[in-house]
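The chain contents come next:
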Amino acid sequence: MEINEICEILKNARRLHFVGIGGISMSSLAMIAVDLGFHVTGSDRNQSELCMKLESAGAEITYGHKPENVVGADAVIYTAAVKSDNPEMKNAGALGIPCLKRAEFLGYIMKDYRNRIGVAGMHGKSTTTSMLSQIFIESAVNPTIVSGAELGILDGAYRVGSREHFIFEACEYTDSFLSFLPTVAIVLNIDRDHVDYFLSMEQTIESFRRYISLADTAVVNWDDARVRLACEGYRGNLVKCGFKSEGLDYKADNITYDNGFGEFDILCHGALLGHIKLSVPGEHSIIDALCASASSHISGIDFEAIRSGLLHFTGAHRRFEKTGEFNGVDVYDDYAHHPSEISTTLHGVSKRGYKKIFCVFQPHTYSRTAGLFNEFANAFSDVDTVIFADIYAARETNTFGVSSKMLASAVGSKAIYLGSFENIVNYIKENAAAGDLVITMGAGDVWKVGEMLCEK
């Protein structure tokens, strides 16, 4: 739907209904809608902390999807995960109520901001958005932010600020990011994912090419070959970032690591801009920080705020976040649910000096598990033991004939399938010892394992 059509729909709207209001992104947009003066209603399957926070702000939430929930709404906002047979969506259609995708509503919200920075890429979007958030807040320019992960400095996943700077996470699934209006488009990487939608790498690259074309300036990871392909034909201001390629506009140089945490010099067109120390581990964090730094610098942010913001950034919620410890065993949680994310994070963790590393992995969706099965089987080389929980179905049914037990068998002798969280917790308590690390991984609810382990 075109932005002018969306503006016309919402021009006189008073009540907005959000289907699936409890999701991290939807709850942020619903809260912004409350701040903008809309009467917000919504529905979700279960009550959550995010729902309760919305209710305390004045939103009205119904638990369970029912046709009558949309009666009286001026527009319905929904996510890509909501299917056409949802009873609320069906009734909205029957009543002639306009239905807007979450991405379309986000595009509407950002349209009046001068500097709109969208963070795209298969991996690292939330981390880089959070880095930008920390930098811009420390620079006191009062940004508006919509992230895909909660951040301590935001006390949530969003922030309403001035109409100058809008920082947002640009999700590629079902081409959602093509509804956005970035002035600065960041692209961190392009990988094979969302195999239920992106049927080929050519389709994926073309989608990113279209996203990049929306912006006046593209800040890209030039070390990624697929990103370079997506930039072909781009007519705007191309800002190349990296540390392996030639002809870079912003380069990470003199890279060193201290217990897995990187530090480096930033060169801007060959001249030293300054030195950066990170408080998050891994090589992947360096490219995230470099793209965040370049985007901040071209937006007029002082380097001292960039340096300070990155030093103080210790990670977004569920991005290598410490859950706690038990019996001298450290327990961390990470959102990684793609083979590249898993292997990259675990490689960084392997340099932290733990005696043994236990990874508890919960695959996310049957389609991704089946489509990337071989890649998953090779993603756990840097751990001593990987324990598989049952697949988190999310929006799917298992028409693929795949299972976590099959994946554990493909990984080999270091893998074990235990299925339930209770079985996993009992196994870890019997086998992990002081000086070891347990890291839970996945986009579902595997974080509960860590909480169960650390219960007093």
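Everything below is about the structure shown above.
What you see is a predicted model, and the numbers here were worked out from it, not measured in a lab. (Residues numbered from 1 in each chain as written. Predicted model: local features only at pLDDT ≥ 70, side-chain atom pairs only at ≥ 80, totals over all residues. Heavy atoms only, no water.)

### What about the sheet that holds strand 20 (residues 415–419)?
Strand pairing in a sheet is mediated by backbone hydrogen bonds. Such pairs are either parallel or antiparallel. Convention followed: Here a strand pair is declared whenever DSSP counts at least two bridges between the two strands. Strands here are runs of E lasting at least two residues and helices are runs of H or I lasting at least four, both read from the DSSP assignment and numbered beginning at the N terminus. A fitted line through C-alpha atoms serves as each axis, taken over the contacting stretch for helices, and the angle formed by two N-to-C directions is quoted from 0 to 180°. Whether two residues are in contact is decided by their heavy atoms: any pair within 4.5 Å suffices.
Read across the sheet, six strands follow the order 16-17-21-18-19-20 without closing on themselves; strand pairing throughout is mixed. Two strands in the sheet have a free side with no partner beyond their single neighbour: strand 16 (321–326) and strand 20. Geometrically, the sheet is characterised by an average inter-axis angle of 20° between neighbouring strands, direction not taken into account. As paired strands, strand 19 (residues 385–389) and strand 20 are joined by four bridges and run parallel to one another. Each bridged residue has a counterpart across the sheet, and for Phe388 the counterpart in strand 20 is Tyr417. Strands in contact with helix 11 (residues 339–349) are strand 17 (329–334), strand 18 (357–361) and strand 21 (437–441); relative to strand 21, the strand with the most contacts, it is inclined by about 165°.

### Describing the packing of aromatic side chains
Filter applied, for reference: Two rings from Phe, Tyr or Trp (for Trp, the six-membered ring) form a pair when their centres sit within 6.5 Å of each other. Planes less than 30 degrees apart are called stacked, planes more than 60 degrees apart edge-to-face, and all others tilted. Only protein chains enter the accessibility calculation, which uses a 1.4 Å probe. A residue is then buried if its area is under 20% of the maximum for its type, exposed if over 50%, and partly exposed in between. Should the NZ of a Lys or the CZ of an Arg lie within 6 Å of a ring centre and within 35 degrees of the ring normal, that charge is described as sitting over the ring.
Tallied over the entire structure, the rule returns 14 aromatic pairs. Both rings, one in Tyr173 and one in Tyr197, keep their centres 6.4 Å apart while their planes meet at 70°; by these two values the pair is edge-to-face. One end of the pair, Tyr173, is in the loop between strand 9 (165–169) and strand 10 (184–187); the other, Tyr197, is in the loop between strand 10 and helix 7 (201–213), and 24 residues separate them in sequence. Residue Tyr197 is classed as partly exposed on the basis of its relative accessible area, which comes to 26%. On the numbers, 5.6 Å between centres and 80° between planes, the contact of Phe380 with Phe388 is edge-to-face. As far as burial versus exposure is concerned, Phe380 and Phe388 are alike and both buried. Here a set of aromatic residues connected by ring pairs shows up, and it is made of Tyr113, Phe166, Phe168 and Phe180. Its guanidinium or amino end placed over the ring of Trp222, Lys240 lies 4.6 Å from that ring's centre, counting from NZ or CZ.

### Concerning the pattern of salt bridges
Opposite charge on two side chains permits them to pair, given that their charged atoms come into close proximity. Basically, it comes down to this: One side-chain nitrogen of Lys or Arg within 4 Å of one carboxyl oxygen of Asp or Glu is enough to make a salt bridge.
Scanning the model with the defined rule gives 14 salt bridges in all. Lys11 is the salt-bridge partner of Glu8, the closest N and O atoms lying 3.2 Å from each other. Salt-bridge contacts for Asp112 lead to Arg163; the nearest nitrogen and oxygen are separated by 3.6 Å. Taken together, the residues Asp112 in the loop between helix 5 (102–110) and strand 6 (115–120) and Arg163 in the loop between strand 8 (156–159) and strand 9 connect sequence positions 51 residues apart.

### Here we look at the side chain of Thr204
The topology assignment puts Thr204 in helix 7. Not counting residues up to four positions away in its chain, the partners in contact with Thr204 are Met122, Ile190, Asp191 and Phe198.

### Concerning the pairing of strand 13 (residues 250–258)
Across two bridges, the pairing between strand 12 (residues 237–242) and strand 13 is parallel. By the bridge assignment, Cys241 is partnered in strand 13 with Tyr250. Two elements, strand 13 and strand 14 (residues 261–268), share seven bridges in a ladder whose sense is antiparallel. For Tyr257, the partnering residue across the bridge sits in strand 14 and is Gly262.

### Topic: the nonpolar core
Across soluble globular proteins, nonpolar side chains show a tendency to be buried alongside one another. Formally: Joining through side-chain atoms within 4.5 Å is the link that ties buried Ala, Val, Leu, Ile, Met, Phe, Trp, Tyr and Cys residues into a set, and such a set is a nonpolar core.
Leu10, Leu16, Phe18, Val40 and Phe105 are the most contacted members of the largest nonpolar core, which has 56 residues in total. Discounting chain neighbours no more than four positions away, the residues touching Val40 are Leu16, Phe18, Ile21, Ala30, Ala33, Val34, Gly58, Ala59 and Glu60. Counting residues in each nonpolar core, the second largest holds 40 residues, with Val119, Val239, Val280 and Ala292 among its members.

### Points about the packing of helix 2 (residues 24–35) against helix 5
Under the convention used in this document: Oblique is the label for any angle not covered by the other classes, which are roughly parallel (under 35 degrees), roughly antiparallel (over 145) and roughly perpendicular (65 to 115). In a left-handed crossing the near helix is turned counterclockwise from the far helix by less than a right angle, and in a right-handed crossing that turn is clockwise. Note on residue categories: nonpolar means Ala, Val, Leu, Ile, Met, Phe, Trp, Tyr, Cys or Pro, charged means Asp, Glu, Lys or Arg, and polar means any other residue, Gly included.
Interhelical geometry of helix 2 versus helix 5 gives an angle of 40° and a closest axis separation of 11 Å. It follows that helix 2 is oblique to helix 5 by the angle criterion. Considering only the axes of helix 2 and helix 5, their crossing is left-handed. Along its contact with helix 2, which presents Ser25, Met26, Leu29, Ile32 and Ala33, the element helix 5 presents Arg102, Phe105, Leu106 and Ile109. Among the residues making up the contact of helix 2 with helix 5, the classes are represented as seven nonpolar, one polar and one charged.

### Some thoughts on the environment of Gly23
Among the secondary structure elements, Gly23 is positioned in the loop between strand 1 (15–19) and helix 2. C-alpha of Gly23 to C-alpha of Leu50: the two residues are 27 residues apart in sequence and 7.8 Å apart in space.

### Side note on helix 2
Using the following cut-off: To estimate the expected span of a helix, count its residues, drop one, and scale the result by 1.5 Å.
The end-to-end C-alpha distance of helix 2, which contains twelve residues, comes to 17 Å, matching closely the 16 Å that a straight helix rising 1.5 Å per residue would cover. Summarising burial for helix 2: nine of the twelve residues are buried, a large majority. The complete set of buried residues in helix 2 reads Met26, Ser27, Ser28, Leu29, Ala30, Met31, Ile32, Ala33 and Val34. Of the residues one or two after helix 2, Gly37 is the one with positive phi, at around 100°.

### Points about empty space enclosed by the protein
To keep it simple, the criterion reads: The pocket and cavity definitions rest on a 1 Å grid over protein atoms only: a 1.4 Å probe that fits but cannot leave marks a cavity, an open set with protein on both sides within 12 Å along at least five of seven lines marks a pocket, and residues lining either have an atom within 4 Å of a point. Grid points are joined across faces, edges and corners, and a volume is the space filled by probe spheres set on the points.
Counting across every chain of the model gives one cavity of 30 Å³ or more. Its volume calculated, the largest cavity comes out at about 90 Å³. For the lining of the largest cavity, the secondary structure elements donating two or more residues are helix 2, helix 3 (49–56) and strand 8. Counting residues per element, the lining of the largest cavity draws most heavily on helix 2, which supplies four residues. Here the lining of the largest cavity is composed, by residue class, of six nonpolar, three polar and two charged.

### A closer look at the sheet that holds strand 3 (residues 60–63)
Strand order in this open sheet of five strands is 3-2-1-4-5, and the pairing throughout is parallel. In the strand order of this sheet, the two ends are held by strand 3 and strand 5 (99–101), each with one partner. Across the sheet, the mean angle separating the axes of adjacent strands is 25° when strand polarity is ignored. Inspection of the sheet shows strand 4 (residues 75–78) paired to strand 5 by three bridges, in the parallel sense. Within the sheet, the bridge partner assigned to Val76 lies in strand 5 and is Cys99.

### Digging into the layout of surface pockets
Size it by volume and the second largest pocket reaches roughly 240 Å³. Along its surface, the second largest pocket is lined by Met1, Glu2, Ile3, Ile6, Lys101, Glu104, Thr174, Asp175, Ser176, Leu178, Ser179 and Leu181. Class assignment for the residues of the lining of the second largest pocket results in five nonpolar, three polar and four charged.

Purely geometric stuff here, so don't read any function into it on its own.
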